[in-house]
Amino acid sequence: MAGDERLGRQEGSTGSVPDRSWHGEEASLALGEDPDSALGRTRLELELEGGYRADVVRELRPHVPARSATALSRPTAAGRPRRPMADTTVVRPAQLPAAVADFTGRDDLVRELNDRLATSADRPAAIAIAGIGGIGKTALAVHLAHTARHRFPDGQLYVDLGGAGPSPADPETVLGAFLRSLGTSDAAIPDGTEERAALYRACLEGRRVLVLLDNARDAAQVRPLLPDDGAPDSVALITSRTHMSDLDRAHPVDLDAMSPPEAFALFALIVGQERATVERAEVMDVVASCSYLPLAIRIAASRLASRRTWSVSVLARKLADERRRLDELRAGDLAVKATFELGYGQLDPAQARAFRLLGLAGGPDISLSAAGAVLGLDATETGRLLTSLVDISLLESAVPGRYRFHDLLRLYARACAERERRAAVEREEALSRLLDFYLATAARVYALERPGDRMVEHLEPTGHPGLLFETSKAALDWLFAEADCLLACVPKCTGESTRRRTGDLLLGALDLAESGARPRQYEAVAQVVCDAAHAAGDSRTEARARSALGHLYSFTGRYGHAERELRRALELDGDDPVVASRASNQLGIVANGLGRHEDAERYLGQALEAFRADANEAGEASALANLSRLHVSRGRTRTGVELAEQGLAIYRRLGAPLRLANGMYTVGIALTRAHRLEEASVHLTEALDLFREARQPLWEGMAHFRLAEMHLAAQRPSEAVAHAEQSLALGGLGGEWRRFSFLTVLAKALMAAGQRTRAQDCWRQARALRERLGSPEPEEVRQLLSTSAPDLPAATDPYTGHRDAYGVGPPVTESDPWT
């Protein structure tokens, strides 16, 4: 890298250690002298990637020339040169760059590596430090070398191998410089890499020398420069962007970004502790924008330090714009982008294409299968390419089969994708392939979870077959593992050729909405699709996206929002079988929740008719379950139980585990209201187990809530308390309207269990929540908060005052739906 190339070189240097190049205090100490204060010093950057500085003394020469090891012979036929004669003076080089005065962080790592160097039994032949450009590899290696220098009294060698640049150093040239530094005369240095390497190792035999090989290209470049078994107490420190897993007896170190406290400490060290502390929050925004990369932090802090009129918030605002962030991270001749350019410039065409196209994908990481879709390649070729990018630190692989960019590298990759000649076409094709992959696979998950549901037959065709799953659990595991990446893909694909598929992807991924696991993300991307479709006059896509949005709102208790979106969906495209059935079904749930029973019965009747017209049995079972709840809420428990059992019978026949759980849950509610409590307990307990297995925390919380109701009605207050507490632990996913219901049933259970103080605390929380929601307070809550109120009898109706969770009660406002 550019900064590395400047480190320790003098004019005319070839890139390896120059003849008689001595650095600062190390040179004087090696000669037994005090540092000469009259010698001129220049302040240079230690390295571009870490941004650290070094004091370098130019043209320092010893007062008494060291004698060369003239007794060393050239390699013999036996293959190994003789060692130096006993009367030969051995030079002890001290070539380390000056210690990094302001090195900060990495304390645990430095301590661990020092411990390895301290004990012969644990001492490796080499420590190979790898990481992306700017991560601080050279700074760490130089700091470690200085802390461990006393363990290597026979000398320290240093070379910048120029591996990140276009002209990496030739090992033969480096070996010549090393041999001269060890006291070998020019006449005794043979030609050829192998011959010089043999002589070099003979010189190191029996000695304790530290060799710092900075900025290496690959293992092939450094292998001739390593001490061998004849010098077990000599060690090489290697820095490289390449992971050198194929080096024998090397200890690998994969250097990561700084921790937030370390990043703050580095920033404060440059701009001043007081200045940083005053605007600590803004400093943390800056270092987060720098993705905790030491080079980026140093550049940002240096810019601020040189502009005394700037506040940290000014810098934070400049770095907040992702599209300009890399351009802002420049100070003098240091630039994050320039560091990345060095790595990108070394890629072959296939690697470069993979690097820039993978930067287009959103989400925190990407799977091997999704990456293959982006690149349009099979798994084998994709894996080979991604592994090669990991090996040179342009990608990371934290877990097998998943890959991620450092955040600033992702921005750079996207910039590369935008500047290519076929940029627009290449980007559109790559994102279209990724969208196809997600839609096809999400549709398979949906179909596996909902046998008999014909919605997937109405989705847009794709050019990717999607992944196959052997079990429902495997399918759901994939959906939740890919949730962030899948949802991040949607806003990128709202153009003319992809917009319909994004709307369908929202429907295929409805489990993310129903589970309560990604409500904010799902809402945000669904709104993006709605807006894009509306602007383009695409009524079909807009209707489906609004139907999906209404589905989410109804599950999180935002009934006003849900009704608006669902009715708009029907107005836009009521002839679409997907919208006609699903929007009507959800409107029935919403109307029941708002206490508008006639409207609810009308909407659910329409949904049942639409599902049956489409031969959608799973949808029919859903509509029957919702009609059951409507009947139960109106006191028609006999028909409510009958409708619930009809729906459950369909789910049993279809064999859908999650839908079966929904059916059992509905039957359990109806049986509880019919006072068939033991039967209700069996159904609700089985539903709870299925919801937990299907990773549906929202429904898991609701099942605990219904079990609390059931046990309270059965006069088992202790069991009711246990389930109500579990519902509260999980119930935040359903919004505040559900939390109010969970609090009230817990309060009743506590009161019935004789825990009046705790019960009243729950009632107070419920009342405060009611006031915040803007709904009238039930008379029951007022009575139970009265200091003169008696304990609630165990037989008291468990449903009064918390019917909102079931779908009955006064409407609530929607000012803060996610708390």
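In this text, all values refer to a predicted model and were calculated from it rather than measured experimentally. Counting from 1, residues in each chain are numbered in the order their sequence is written. Local features in this predicted model are restricted to residues of pLDDT 70 or higher, and side-chain atom pairs are both shown and tallied only at a pLDDT of 80 or more, whereas totals for entire chains, interfaces and linings draw on every residue. Only heavy atoms go into the side-chain values, all of them from the structure, while hydrogens and water stay out.

Things to note about the nonpolar core
Quick reminder of the rule: Remark: nonpolar core denotes a set of buried residues (Ala, Val, Leu, Ile, Met, Phe, Trp, Tyr, Cys) joined through side-chain atoms within 4.5 Å. Only protein chains enter the accessibility calculation, which uses a 1.4 Å probe; a residue is then buried when its area is under 20% of its type maximum, exposed when over 50%, and partly exposed in between. Runs of H or I in DSSP of at least four residues are treated as helices and runs of E of at least two as strands, each being numbered from the N terminus. Only heavy atoms enter the contact rule, under which two residues are in contact if any of them lie within 4.5 Å.
Counting 207 residues, the largest nonpolar core has Phe267, Val336, Phe355 and Tyr438 as its most contacted members. The dominant element in this core, judged by the number of residues it contributes, is helix 19 (residues 423-449), at eleven residues. Excluding anything up to four places from it in sequence, Phe267 contacts Val283, Val286, Val287, Ile297, Ala300, Ala301, Leu304 and Leu315. The next biggest cluster of nonpolar side chains, apart from the first, holds 30 residues, and it includes Val159, Leu204, Val209 and Ile238.

Digging into empty space enclosed by the protein
The condition is simple: A pocket, in this scheme, is an open set of points on a 1 Å grid over the protein atoms alone with protein on both sides within 12 Å along at least 5 of 7 lines, while a cavity is a set where a 1.4 Å probe fits but cannot get out; residues line either one if an atom lies within 4 Å of a point. Grid points are joined across faces, edges and corners, and a volume is the space filled by probe spheres set on the points. Charged residues are taken to be Asp, Glu, Lys and Arg, nonpolar residues to be Ala, Val, Leu, Ile, Met, Phe, Trp, Tyr, Cys and Pro, and polar residues to be all remaining types, Gly included.
Summed over the entire model, instances satisfying the criterion amount to seven cavities of 30 Å³ or more. The computed volume of the largest cavity comes to approximately 570 Å³. Residue lining of the largest cavity: 35 residues in total, with Phe555, Ile589, Ser622, Asn626 and Trp699 positioned closest to the centre. Elements that contribute at least two residues to the lining of the largest cavity include exactly helix 25 (539-555), helix 27 (577-593), helix 28 (597-613), helix 29 (617-633), helix 31 (657-673), helix 33 (697-713) and helix 35 (736-752). Here the lining of the largest cavity is built from residues that sort into 15 nonpolar, twelve polar and eight charged.

Some points on the sheet that holds strand 4 (residues 156-160)
We count it as follows: Note on pairing: DSSP must find at least two bridges between two strands before they are called paired. Between N-to-C directions, angles span 0 to 180 degrees; the directions come from axes that are lines fitted to C-alpha atoms, helices contributing only their stretch in contact.
Reading across from one edge, 4-5-6-3-7 is the order of the five strands in this open sheet, with parallel pairing throughout. In this open sheet, the two edge strands, each paired with only one partner strand, are strand 4 and strand 7 (250-254). Mean inter-strand twist for the sheet, computed between neighbouring axes without regard to direction, equals 15°. Relative to strand 7, helix 3 (residues 107-118) is tilted by about 180°, and along the sheet it contacts strand 3 (126-130), strand 6 (235-240) and strand 7. Along the sheet, helix 5 (residues 171-181) makes contact with strand 4 and strand 5 (210-216), crossing strand 4 at roughly 155°.

Regarding the packing of aromatic side chains
Formally: Here the aromatic set is Phe, Tyr and Trp, taking the six-membered ring for Trp, and pairing holds for ring centres within 6.5 Å; pairs whose planes are under 30 degrees apart are stacked, those over 60 apart are edge-to-face, and all others are tilted. Only when the NZ of Lys or the CZ of Arg is both within 6 Å of the ring centre and within 35 degrees of the ring normal is a charge said to sit over the ring.
A complete count under the given rule lists 15 aromatic pairs for this structure. On the numbers, 6.1 Å between centres and 50° between planes, the contact of Phe355 with Tyr412 is tilted. Note that Phe355 is positioned in helix 15 (residues 349-358) and Tyr412 in helix 18 (residues 407-419), a separation of 57 residues in sequence. Ring geometry for Phe437 against Tyr438: centres 5.4 Å apart, planes inclined by 50°, an arrangement best described as tilted. With respect to class, Phe437 is no different from Tyr438; both count as buried. Three or more aromatic residues link up through ring pairs in this structure, and these residues are Phe340, Tyr344, Phe355, Phe405 and Tyr412. The ring of Phe264 has Arg280 lying over it, and the distance from NZ or CZ to the ring centre is 3.9 Å. Stacked on the ring of Tyr603, the Lys or Arg Arg602 has its end atom at 4.7 Å from the ring centre.

Focus: the confidence of the model for the chain
Filter applied, for reference: A score from 0 to 100, pLDDT tells how confident the predictor is in each residue.
Averaged over all residues, the pLDDT of the chain is 83; the fraction at 70 or higher stands at 83%. Within the chain, strand 1 (residues 41-45) has the poorest average pLDDT of any element, 34, and helix 16 (residues 368-375) the best, 97. Every residue in residues 787-819 scores below 50 in pLDDT, and together they form 100 contacts with partners more than four places removed in sequence or on other chains.

Observations concerning the layout of surface pockets
Unfilled space is identified by rolling a water-sized probe across the atoms. Estimates place the volume of the second largest pocket at around 400 Å³. Forming the walls of the second largest pocket are 16 residues, and the residues nearest its centre are Arg323, Leu411, Arg414, Ala415 and Glu418. With six residues, helix 13 (residues 322-328) is the largest single contributor of residues to the lining of the second largest pocket. Taken together, the residues that form the lining of the second largest pocket break down as five nonpolar, one polar and ten charged.

Quick notes on the environment of Gly165
Summarising the element assignment, Gly165 is placed in the loop between strand 4 and helix 5. Exposure remark for Gly165: the relative accessible area of 2% places this residue in the buried category. Taking C-alpha positions, Gly165 is 8.6 Å from Gly345, a pair spaced 180 residues apart along the chain.

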